[in-house]
Amino acid sequence: MIDAIYIHIPFCIRKCGYCDFLSFQSNEIEREKYINELINEIKLYPKIKYDTIYFGGGTPSILKIEEIEKILKELSFDENSEITLEVNPKTVDEEKLKGLKKIGINRLSIGIQTFNEEFLKKLGRIHSIDDGINTYKMAREVGFKNISLDLMFSLPGQNIDDVEKDLDKLFLLNPEHFSIYSLIWEEGTLFYEKLLKGEYKETDNSLEADMYQMIIEKSKKQGYIHYEISNFCREGKEARHNTKYWKNQEYIGVGLGASGYFEDIRYKNFSNFKEYYEMIKKGILPREDIEKVSEEQKEEYRHLVGLRLLKEGILESSDKKFYKIYDKLLKDGYLKKIESNGEIRYILTEKGLFLANEVFEEFV
Ligand code: SF4
């Protein structure tokens, strides 16, 4: 049963130096036009009662309350649905946060990235440390009870103490959930250019592994559950929407360049406005790439994403071709087999966690 929708808002105030997400600077008229077409795209899908709705970007918090409300009015959900909006500090004030709460947003994902002013500048973020902290505190004051913070690590020039200090500051805020991803050097970004010119250096692999180890240990000491490779939460506060991705469940993705997985088809929408709008105007789903997923691919993908869930892992496949892979990974100490209630599941071991990409490669 499908009950999740991802809504892409491809607008940002300014491009961050490391970012290759689909996002552009825009004016109010362009945003208004986009929202109208996005709503027309939503109308091309069957009416579904959503358990999770996720506004991602870009910077969804750049939109006006009325614009977000207009989108939500097209969707069916109830008070138990998880409705997340990504927030960039500096794009919201107390009034706006109150407005978001009023229209039904009940989970915020705030892009803090680091509590170090020098690294914030390096990343090209539009906000200061105080902007991030104030946004979090205001969100609490207006009544948000489910807040996730985003951090990054393995930044150029960052040492393990810097990461530790970032975590200490995050723990003082005590969010229900946080994600922490290492920097990925994406081609075409300013960071990549600086890497090629030798102005920036990649973090050494062993230092990055030490940082990750420290993050895991420190977070556990603070009572956070490490439930996914890059995600930590308080009991019962897992990101419900993202967990559906990791469980390989279907979801609708709408908006420019959005990906989705619906009726056994994985798709990606057009990434340029012209084609995206033209298709919607013709009443056609604006998909650029479409891939029918075979049963075999479904199984492969289920392993690939499912092993990211550190407690649940994946249920043993009925397809015997995977048995050889399980055996190899068990023998090498990357996987652990768990048998309970007549079920066999596999989860990553600590060794597997640190070499997760190599483990995943075995399944495709
Ligand atoms: S705010 Fe987020 S989406 Fe926008 S440019 Fe920065 S990293 Fe990319």
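Conventions and cut-offs
Residues numbered from 1 in each chain as written. Predicted model: local features only at pLDDT ≥ 70, side-chain atom pairs only at ≥ 80, totals over all residues. Heavy atoms only, no water. Near = heavy atom within 4 Å. Nonpolar A, V, L, I, M, F, W, Y, C, P; charged D, E, K, R; others polar. Domains from an automatic or database assignment. Contact = heavy atoms within 4.5 Å. Buried area = accessible area lost by both parts, 1.4 Å probe. Salt bridge = Lys/Arg side-chain N within 4 Å of Asp/Glu carboxyl O. Phe/Tyr/Trp six-rings, centres within 6.5 Å; stacked < 30°, edge-to-face > 60°. Helix = DSSP H or I, 4+ residues; strand = E, 2+ residues; numbered from the N terminus. Buried < 20%, exposed > 50% of the residue type's maximum accessible area, 1.4 Å probe, protein only. Pairing = 2+ DSSP bridges. Axes fitted to C-alpha atoms, helices over the stretch in contact; angles between N-to-C directions. Expected span 1.5 Å × (residues − 1). Parallel < 35°, antiparallel > 145°, perpendicular 65-115°, else oblique. Left-handed = near helix turned anticlockwise from the far one by under 90°.

**Here we look at the site of the ligand**
Residues in contact with the ligand, as listed here, are C12, R14, K15, C16, Y18, C19, F21, G58, T59, N88 and R125. Counted by class, the shell around the ligand contains 5 nonpolar, 3 polar and 3 charged residues.

**Here we look at the domain arrangement of the protein**
Domain boundaries assigned for the protein yield domain 1 (4–246) and domain 2 (307–361). Taking only C-alpha atoms, the centre of domain 1 and the centre of domain 2 are 29 Å apart. Tallying the contact residues gives 12 residues for domain 1 and 10 residues for domain 2. Taking both sides of the interface into account, the surface hidden between domain 1 and domain 2 amounts to around 980 Å²; carbon and sulfur atoms contribute 69%. For the interface between domain 1 and domain 2, the tally reads 1 salt bridge. Residues E228 and R308 are paired through a salt bridge, measuring 2.4 Å at the closest nitrogen-oxygen approach.

**Some remarks on the packing of aromatic side chains**
For the coordinates displayed, the defined rule picks out 25 aromatic pairs. Plain terms: the ring middles of Y18 and F191 are 6.1 Å apart, the flat faces sit at 70 degrees to each other, and that makes the pair edge-to-face. In this pair, Y18 sits in the loop between β1 (4–9) and α1 (28–43) while F191 sits in helix α7 (residues 190–197), placing the two residues 173 residues apart along the sequence. Neither Y18 nor F191 differs from the other in exposure class; each is buried. By way of ring pairs, the aromatic residues F11, F24, Y34, F273, Y276 and Y277 are connected into one cluster.

**Focus on the pairing of strand β10 (residues 259–262)**
The pairing of β10 with strand β11 (residues 265–269) spans 4 bridges and is antiparallel. Bridge assignment links G260 to a residue of β11, and that residue is Y267. Hairpin remark: β10 followed by β11, antiparallel, with 2 residues in the connecting loop; positive phi at E263, about 50 degrees.

**Section: the sheet that holds β1**
Strand pairs in the sheet, formed through backbone hydrogen bonds, run parallel or antiparallel to each other. The mixed open sheet is built from 9 strands, whose spatial order is β7-β8-β6-β5-β4-β3-β2-β1-β9. Looking at the sheet topology across the chains shown, the edges are occupied by β7 (225–228) and β9 (252–254). Taking the axes of each pair of neighbouring strands and ignoring which way they run, one obtains an average angle of 20 degrees across the sheet. As judged from the 3 bridges shared by β7 and strand β8 (residues 231–233), these two strands associate in the antiparallel manner.

**Details of the sheet that holds β11**
Taken in spatial order, the 3 strands line up as β10-β11-β12 in an open sheet, and their pairing is antiparallel. If you trace the sheet from one side to the other, it starts and ends with β10 and β12 (287–292), each paired once. In this sheet, neighbouring strand axes are inclined to one another by 20 degrees on average, regardless of whether the strands run parallel or antiparallel.

**Looking at helix α5 (residues 129–141)**
With 13 residues, α5 extends 18 Å between its outermost C-alpha atoms, agreeing within 8% with the 18 Å of an ideal straight helix rising 1.5 Å per residue. By the burial criterion, the buried members of α5 are I129, G132, I133, T135, Y136, M138 and A139. Looking one or two residues beyond α5, the residue adopting positive phi is G143, at roughly 110 degrees.

**Comments concerning the packing of helix α6 (residues 160–173) against helix α8 (residues 205–221)**
The geometry of α6 relative to α8 is characterised by a closest axis approach of 10 Å and an angle of 25 degrees between their N-to-C directions. In terms of orientation, α6 lies roughly parallel with respect to α8. By crossing handedness, the relation of α6 to α8 is classed as right-handed. Where α6 abuts α8, its residues I160, V163, E164, L167, D168 and F171 lie against L207, D210, M211, M214, I215, K218 and S219. The residue inventory of the contact of α6 with α8, partitioned by class, reads 8 nonpolar, 1 polar and 4 charged.

**Describing the packing of α1 against helix α10 (residues 273–281)**
The relative placement of two packed helices comes down to the angle between their axes together with the axis-to-axis distance. Packing of α1 against α10 brings their axes to within 10 Å, and their N-to-C directions diverge by 45 degrees. Between α1 and α10, the crossing angle belongs to the class labelled oblique. Between α1 and α10 the crossing geometry is left-handed. Contacts between α1 and α10 involve E30, K33, Y34, E37, L38, N40 and E41 from the first element and F273, Y276, Y277, I280 and K281 from the second.

**Thoughts on the pattern of salt bridges**
Inspection of every chain in the model, using the stated rule, returns 24 salt bridges. Put simply, K197 and E193 hold a salt bridge, and the shortest N to O gap is 3.8 Å. Residue K197 and its partner E193 are both found in helix α7; the two are separated by 4 residues, about one turn of the helix. For K197, a relative accessible area of 58% translates into the label exposed. By relative accessible area, which is 41% here, E193 ends up partly exposed. The closest approach of N and O atoms between K328 and E362, which form a salt bridge, is 3.2 Å. Separated by 34 residues along the polypeptide, K328 in helix α12 (residues 321–331) and E362 in the segment after α14 (356–361) bring together distant segments of the chain. By relative accessible area, E362 is classed as partly exposed at 30%.

**A closer look at the environment of L285**
Position of L285 among the secondary structure elements: in the loop between α10 and β12. If we skip the residues at most four places from it in the chain, L285 touches L44, Y45 and M279.

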